[in-house]
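These are the residues of each chain, in order.
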Amino acid sequence: MATNTPHKESVQYQTTQAQPSDLFANNASKGPPVYSFNPDATPQEKAAAASNDRDKLNLPSTADREPAGGKEVPIDSGGGVVVPTITVEDADKAMAEEKEKSHAPSSEAPPAPLAPGRMACRRHIDAPRLEEGEEKDKSILQLFLSEQFYGDWYHNAAIIVFAVFASHFVTRFNLGWGWLFIILATCNTYYDTSMARVRRRARDDIQRELVKTRLASEHESADWLNNFLDRFWLIYEPVLSATVVASVDQILSTTTPAFLDSLRLSTFTLGTKAPRIDKVRTFPNTEEDIVMMDWGISFTPNDISDLTPRQAAQKVNPKIVTIPAMPILIEDVSFTGVMRVKMKLMSNFPHVQIVDLSFLEKPVFDYVLKPVGGDTFGFDIAHIPGLSEFIREMVHASLGPMMYDPNVFTLNLEQLLSGTPLDAAIGVVQVTVEAARALKATKIGGGTPDPYVSISLNNRQELAKTNYKLSTYNPTWMETKFILVNSLQEQLVLGLLDYNELRKDTPLGAATFEMNKLLEDATQEGIELPILKDGKDRGRLRCNVSYYPVLKPEVVDGTEQMPNTNVGIVRLTLHQAKELDASKSLSGDLNPTVKLYLGNSSSPIHTSQTIKHTNNPVWESPTEFLCSDKQSSVITVKVVDDRDFLKDPVIGYMSVRLEDLLTAETSEARDWWPLSRCKSGKIRISAQWKPLNMAGVLSSVDQYVPPIGVVRLWLQKATDVKNVEAALGGKSDPYVRVLVNSVVQGRTEVINNNLNPAWDQIIYIPVHSLRESMFMEVMDYQNLTKDRSLGSVELHVRDLARESSADPQFRFESIGRKEAADPIKVDGSHTHKGQLHYVAEFVPTLALKHVHFDSEANEIQKAAEDDEGDDAAADARSVSSASSVSTRAVTVDRPMTELGTHAAKPSNGTTNGEVNRAEPEAREGEEQEDGKEPEPSGLELSKEDLLKHQSGIIVFHVVSGRLQKKARLEVLLDDGYWPAFSTLKARSKHAQWQHVGEGFIKELDFGRVWLRLNENADDESDDIIAEWKGDAKHFLEATLDRRSSFTLTDADDESRTSTIEIEARYIPVPVKLEPRESINNQGTLRIDLLEGRDLLAADRGGKSDPYASFTLNGQKVFKSQTKKKTLHPDWSETFNVNVPSRVAADFSVEVFDWNQLEQAKSLGVGTIKLDDLEPFQSTERVINLSTEKHAKGQIYLRMLFTPEIIAKTRKNTSTFSAAGRAMTQLGALPMGAGKGVFQGVGGIFKELGQRDKTTDGLVPRADLPPGQASYPIGQTLAAGGEAAAFPSTQAGAHGTSGPPLEPGSLRVGVLSAKDLSPSDVKPYALLRVGDREFKTKHVGKTSAPEWNESFVFAASAHTPKIYVWIYDHKTLGKDKMIAEGEIDIWRHILPGQNADAEVLAELREAGQLRLRLEFDTDTNPNNRDPSIASVERHPFASPSRFSIRGKRPGSNEDS
């Protein structure tokens, strides 16, 4: 604890004053310690005396606290004309003088050692955890085996089997009776051991149940614990005494009555007899995480019945002596009561989260109070009739509402041990009091009331109030107040009062608002609350309530970092002052108090308690206020001498910028600041910044810096990466993510089970400064847990770019390409594992003149501006008499050390620490002259000129939104691979983001912008509730010069919409794209498999049964029908395939000879080149086939390539599928590729404007459900390369007839599936239409099975869907479902128009299923002869399978 008086004065007092501790000399001679102190000694010195052999105990003191629960938050809006008065040079000079005087002896106590209990806690916390592999090895049996496969039952059955087989073996080989007796003895021994265990466990279970019943009904003794307390008390009592002394003495010194000069603690001892726990009763029937007990506790030092004569002779009773003017003695303290203790447990240390304490009955306590005469001649005032009972009732009245049953006193141990102050704010509640209507009240004696609103929490102390309105029953205030809260589990009480000038204000009623509603929606607007008084309606009150929580620290590289914001809560603590200038007091003693001011305000926002008669006061006074602009905020602290009825002079003051104060907090032991306008003096202050979750706090318009360019990262591959799956016999699943300023800006695909992954991907990262660094972190994908880091490589922008003055269009230029194979540094160590191969190149942006958005004031600044007039008037009425400085200048910007001297005086002779006034004024004049910022240089381009540049950075300003649910907005560009940026999750459905983000777009004419709302707050997870997709160019045309609103729809329910308001800017970047990066490089390829000629003969008769299989990038995408007994097959089949990259595509066709009994034989393979295809032009190709021995046969194809963006979908949290889907069918919103998107760009795209809608034949229908696409079987391209268009399908109409009412024959061909997860499964498909089910054969381990089986169902309008389940076949265990899906039959099959279709359907969980549907209205399978199998052979089907009826595998009931 800090000192309140100089140490030398304490010594003088000891030599000149009588010691009250002499009264207890006899007790001290008995042996046990009695603690006596100098009454003017510091709390540290008293604590040191109590602990006997400690120099100093750093124990917490009781500080001044604000009203419990909350307070009105003062707002520091910044922007004042106050200039700081302490400079950097002052602190530097102080440090230099400190070094010169470093040989001087220190007057400060050394740092306090940790208490033994805390050391034990640290040892427990720092205990090393088990390695991950060891944890898994412990539970390996439970992970892979169910309880039914192992246990005692198997052991008992095994001994029976052993006895039978062993006796049979003995008999069979005639081994004799001796061996048989050995077997019997073995079995008997096992039986005896097992039965003994069973009996022991049964006995334990029975005793445990009996104990439970006895615990709740009987009390237990705690003699063992009392025996421990008797020995432990003599050791722990000094520590407890030190804690009490440090706390109580501080309270006494700060709460001294006005008629006393001081009230200090002189002597304190708790005696030698320990407290006892007389009885304990436990309640076992509580929740699993609740422990509840009743403790009978007593502290009776005068009871010597349980002490030995020797202990009684050495016994010391508790004694407390305080000294105001004469000693006051309190002794023979005793206490007895029954307390209920309720503890809530938790998994984290300290494993007890909350402790509730309450007395079941009024405790009995006794004491002896001798205010006069001391121990010898003192008179116990308890002998005065009625006084003792009055004191007891006063104590009961104070403790009753606090902790007498049913009230409980709650200790949050988790919060206490975390170091967070109990009154620390968790956020700010903004209350806008609009108006009240139809008030039913009159003034006393008649008249119209003058109402105002008083705001409090749970009807406690008033936190804020509005102005009163004269003579009205319908007042309108429109005032905003900010209330600091530390819990949302309380009521916000809006009390209406009638203002009276000469008497107490009259209550008119109150309206209450439950603040826990703010957890569901942080913005509650248009609230109308009833005003009640005595249960009767007294009117209505209208208000708005918003909640701004404190942002939590971000974990970056294992360390917590607080977000850097400009708006937040400041917790400022005024600790103490030293060496105050006593020349302003005639007596040489000061009564210092400290006042805190914000900006130019003349009213203090906080005033500490007054410490009397000391020049070294200790306040430990915390306060909190709201800061709307950290950069311009200035804080002024004045130390004032409190002179009661006279004018209070200012002893000294200091003004400091808030940023300098917060920066100093990061330095060790740098919290002492010199005072100005005084001969000597320094003050110790600390501050803590807590950022608020408010619109624009993280990425606001004011904080945005335009990019200087982009870094083109070509992430090629990695070699020998760290294997974190070795313990389980697997390999890492690596991918690379690129971080800038701890924010993920891009990432690659996941390469499964590979320690040498090859990504070969190009990512563009915007950069804003040459000082930035990019971290390319290699990660291991985890399906269920958080992804793990395999190491990282750092890349500095300064290694790729430099400033340029040669070309005025570009402020920066590239140094050149960097091709590197850098070692991957493993996080948390200095070792390296593996290499990352990449190529990096910087491309500068055009130096545009104006790249900014118009900034707006945040909510706090707006509210402060609205109330500015009222606050100014209030300030004028409440100017402090202590203010002797009319204009305050900033005096410091860096602290001095506690041991250092004051800053050197300026040359003009100004007083301590004060900066020359002329210098700030001169600097201000220079700043005003230089403050005229030169006109920014750069290019000015019109909107049309900007949009001519194809590549560039789109800067988004996400302003606000009206949402269906609270969510965060993600903005994706082009292929939607990873969000370009994401906002914070909205606190309310009326979102106010004010967030600025950016993303790079490669080709503006073909680019796409996606806006989607993600309900999941985690960046790694997706829970999309609404989305919008559109052309990038059209988006910029709508947002470049104005704010525009976009409507996002829910894919499952289009009636649920959300609206987002956005504006944007565009910064061109002259990037030269490689052919594989162009949108022209990806799209949909339609292939017509026409025929084959001159194929190899595989059968004995000189013929073959050929079918063709097409493979793209190692995955089969199509398999044709089998043509029997021919070398010149005519297939005439058509299919579509999505091509992510034509340049890198590995596309081939292989022809096989089908065999019923053995594996198909290859007849030849041919490679299909795609990079030379002209988009939108039909091209016929002849593909030559070849084998290892022969080169014979041709395949005739017709191909049409349509450029489209291929949307790559993310699986689970971070896995990506390479193929994805074309953007023409995302969710339920179709996007026709080629509908004018490519017009005007290149000669090949000009033809698209003439086609208009003719190429829509391959676009999935608009009314198809999400994840389903189809096209008619056998559809071919018409002459001229145009596709035959689908028949028009209106919503709710299917041709002219619709689904048939009478059943028809639906043949379902199950062709294949792909992208199933996991990949090592034996999949089979189970189909159901109506009440009939069929299943396919299971195939070998693969994620892309091919079944080619067909089944016949009866289908009509009453059977609208095909239900599909994909199962993993298990030979012994239960089959496991790995995917499921639904196919809407009558959206693909249109009776009378299209009787067949090939369907691609996405499956839930993972994968795609390919089916062929054929419908015949003339046949009904239900009317067939029962002898005919219901499953018919199809030309491409495998042999018939039996029908599976009843329940499907893995299900307990029919769907």
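The rules we used
Residues numbered from 1 in each chain as written. Predicted model: local features only at pLDDT ≥ 70, side-chain atom pairs only at ≥ 80, totals over all residues. Heavy atoms only, no water. Helix = DSSP H or I, 4+ residues; strand = E, 2+ residues; numbered from the N terminus. Buried < 20%, exposed > 50% of the residue type's maximum accessible area, 1.4 Å probe, protein only. Contact = heavy atoms within 4.5 Å. Areas by Shrake-Rupley, 256 points an atom, 1.4 Å probe, with all protein chains shown as cover. Pairing = 2+ DSSP bridges. Axes fitted to C-alpha atoms, helices over the stretch in contact; angles between N-to-C directions. Core = buried A, V, L, I, M, F, W, Y, C linked by side-chain atoms within 4.5 Å. Arc of directions from axis to C-beta. pLDDT = per-residue confidence, 0-100. Phe/Tyr/Trp six-rings, centres within 6.5 Å; stacked < 30°, edge-to-face > 60°. Lys NZ or Arg CZ within 6 Å of the ring centre and 35° of its normal. Patch = residues over 30% accessible without salt bridge, like charges linked within 9 Å, V, L, I, M, F, W, Y side chains within 5 Å. Salt bridge = Lys/Arg side-chain N within 4 Å of Asp/Glu carboxyl O. Expected span 1.5 Å × (residues − 1).

### Re the overall build of the chain
Across its full length, the chain carries 22 helices and 72 strands. Per-residue burial for the chain yields a buried fraction of 48% across its 1455 residues. Of the contacts formed within the chain by residues at least 6 apart in sequence, a portion of 70% connects residues at least 24 apart. For the chain, the accessible area works out to roughly 71900 Å², and carbon and sulfur atoms hold 51% of it.

### Focus on the sheet that holds strand β55 (residues 1161-1168)
Strand pairing in a sheet takes place through backbone hydrogen bonds and is either antiparallel or parallel in direction. Read from one edge to the other, the open sheet built from 4 strands follows the order β52-β51-β54-β55, with strand pairing classed as antiparallel. Pairing within the sheet leaves two strands with one partner each, and these edge strands are β52 (1115-1119) and β55. Neighbour-to-neighbour, the strand axes of the sheet open up by a mean angle of 25°, direction not taken into account. Here strand β51 (residues 1106-1112) runs beside strand β54 (residues 1147-1153); their pairing, made up of 7 bridges, is antiparallel. Within β54, the residue paired with Ala 1108 across the bridge is Val 1151.

### Concerning the environment of Glu 1061
Summarising the element assignment, Glu 1061 is placed in strand β49 (residues 1057-1068). Note: C-alpha distance between Glu 1061 and Val 959 (102 residues apart in sequence) is 5.5 Å.

### So, the side chain of Thr 1039
As for its position among the elements, Thr 1039 is in helix α20 (residues 1032-1039). Taking relative accessible area as the criterion, Thr 1039 reaches 0% and is therefore assigned buried. Aside from chain neighbours lying at most four places away, what touches Thr 1039 is Ser 1044, Phe 1046, Ile 1062, Glu 1063, Ala 1064 and Arg 1065.

### Section: the nonpolar core
With 53 residues, the main nonpolar core has Leu 969 and Leu 1013 as its most contacted residues. In this view, Leu 969 contacts Val 958, Phe 981, Ser 982, Thr 983, Trp 993, Leu 1011, Arg 1012, Leu 1013, Leu 1048, Ile 1060 and Ile 1062; residues no more than four positions away in its chain are not counted. Counting residues in each nonpolar core, the second largest holds 35 residues, with Ile 751, Met 774, Val 793 and Phe 812 among its members.

### Here we look at α20
All of the buried residues along α20 are Ala 1032, Phe 1035, Leu 1036, Ala 1038 and Thr 1039. In an axial view of α20, the angular spread of the buried residues amounts to 165°, which keeps them on one side of the axis.

### Topic: the sheet that holds strand β67 (residues 1332-1335)
Within the open sheet, the 4 strands sit side by side as β67-β66-β69-β70. Their pairing is antiparallel. With one partner strand each, in any of the chains shown, β67 and β70 (1376-1384) form the two edges of the open sheet. Neighbour to neighbour, the strand axes of the sheet diverge by 20° on average, direction disregarded. Where strand β66 (residues 1323-1329) lies against β67, 4 bridges are found, and the strand directions are antiparallel. Within β67, the position partnered with Val 1329 by the bridge is Arg 1332.

### Looking at the pairing of strand β14 (residues 451-457)
When you tally the buried positions in β14, you get 7 out of 7 residues, the bulk of the element. The pairing of β14 with strand β17 (residues 491-498) spans 7 bridges and is classified as antiparallel. Looking at β17, one finds that Pro 451 is bridged to Asp 498. From the end of β14 to the start of strand β15 (residues 464-465), which pair antiparallel, there are 6 residues, and Asn 458 there has a positive phi angle of about 55°.

### What to know about the confidence of the model for the chain
Per-residue pLDDT for the chain averages 75, and the proportion of residues at 70 or more is 71%. Between residues 52-68, whose pLDDT stays under 50, and residues either more than four places distant or in other chains, the model counts 45 contacts. Here residues 1275-1296 is modelled with pLDDT under 50, and outside its nearest four sequence neighbours on either side it reaches 47 contacts, counting other chains as well.

### Observations regarding the packing of aromatic side chains
Summed over all chains, the structure comprises 24 aromatic pairs. Note on Phe 359 and Tyr 404: the rings are 6.1 Å apart at their centroids and 85° apart in plane angle, and the pair reads as edge-to-face. In this pair, Phe 359 sits in strand β10 (residues 352-359) while Tyr 404 sits in the loop between α13 (387-403) and β12 (409-412), placing the two residues 45 residues apart along the sequence. Take Phe 359: its relative accessible area is 5%, and that puts it in the buried class. The class of Tyr 404 is buried, set by a relative accessible area of 9%. Ring centres of Trp 1386 and Phe 1415 lie 5.1 Å apart, and the angle between their planes is 90°; on these two criteria the pair is classed as edge-to-face. Here Trp 1386, found in the loop between β70 and β71 (1396-1402), pairs with Phe 1415, found in strand β72 (residues 1408-1416); they are 29 residues apart in sequence, far enough to count as distant. The exposure classification of Trp 1386 matches that of Phe 1415, with both residues buried. One aromatic cluster is present, formed by Phe 956, Phe 981, Trp 1028, Phe 1035 and Phe 1046 through successive ring pairs. The ring centre of Phe 365 lies 6.0 Å from the NZ or CZ of Arg 392, which sits over that ring. Positioned over the ring face of Tyr 1196 is Arg 1093, at 4.5 Å from the centre of the ring.

### Quick word on a nonpolar patch on the surface
On the surface, Phe 169, Phe 173, Leu 175, Trp 179 and Ile 182 cluster together into a nonpolar patch covering about 530 Å² of accessible area. Along the chain, Leu 175 turns up in the loop between α8 (152-172) and α9 (177-217).

### Some remarks on α13
Here α13 is 17 residues long and its end C-alpha atoms lie 24 Å apart, about the 24 Å a rise of 1.5 Å per residue gives. Ser 388, His 396, Gly 400 and Met 403 are the residues of α13 that are buried. On its buried face, α13 is in contact with β9 (328-345), β10, β11 (364-370) and β12.

### A short note on the pairing of β52
In this sheet, β52 lies alongside β51 in antiparallel orientation, the contact comprising 4 bridges. Along β52, the bridge assignment pairs Ser 1109 with Lys 1119. Between β51 and the antiparallel strand that follows it, β52, lie 2 residues; Asn 1113 among them carries a positive phi value of about 55°.

### A short note on the pattern of salt bridges
In total, this model carries 46 salt bridges according to the counting rule given. Residue Glu 819 is joined to Arg 817 by a salt bridge in which the shortest nitrogen-to-oxygen separation is 3.8 Å. Of the residues examined, Arg 817 reaches a relative accessible area of 44% and is grouped as partly exposed. Note that Glu 940 and Lys 849 form a salt bridge whose closest N and O atoms lie 2.9 Å from each other. Within this pair, whereas Glu 940 is found in the loop between α18 (918-930) and α19 (943-946), its partner Lys 849 is found in the loop between β40 (832-844) and α16 (859-866), the two being separated by 91 residues in sequence.

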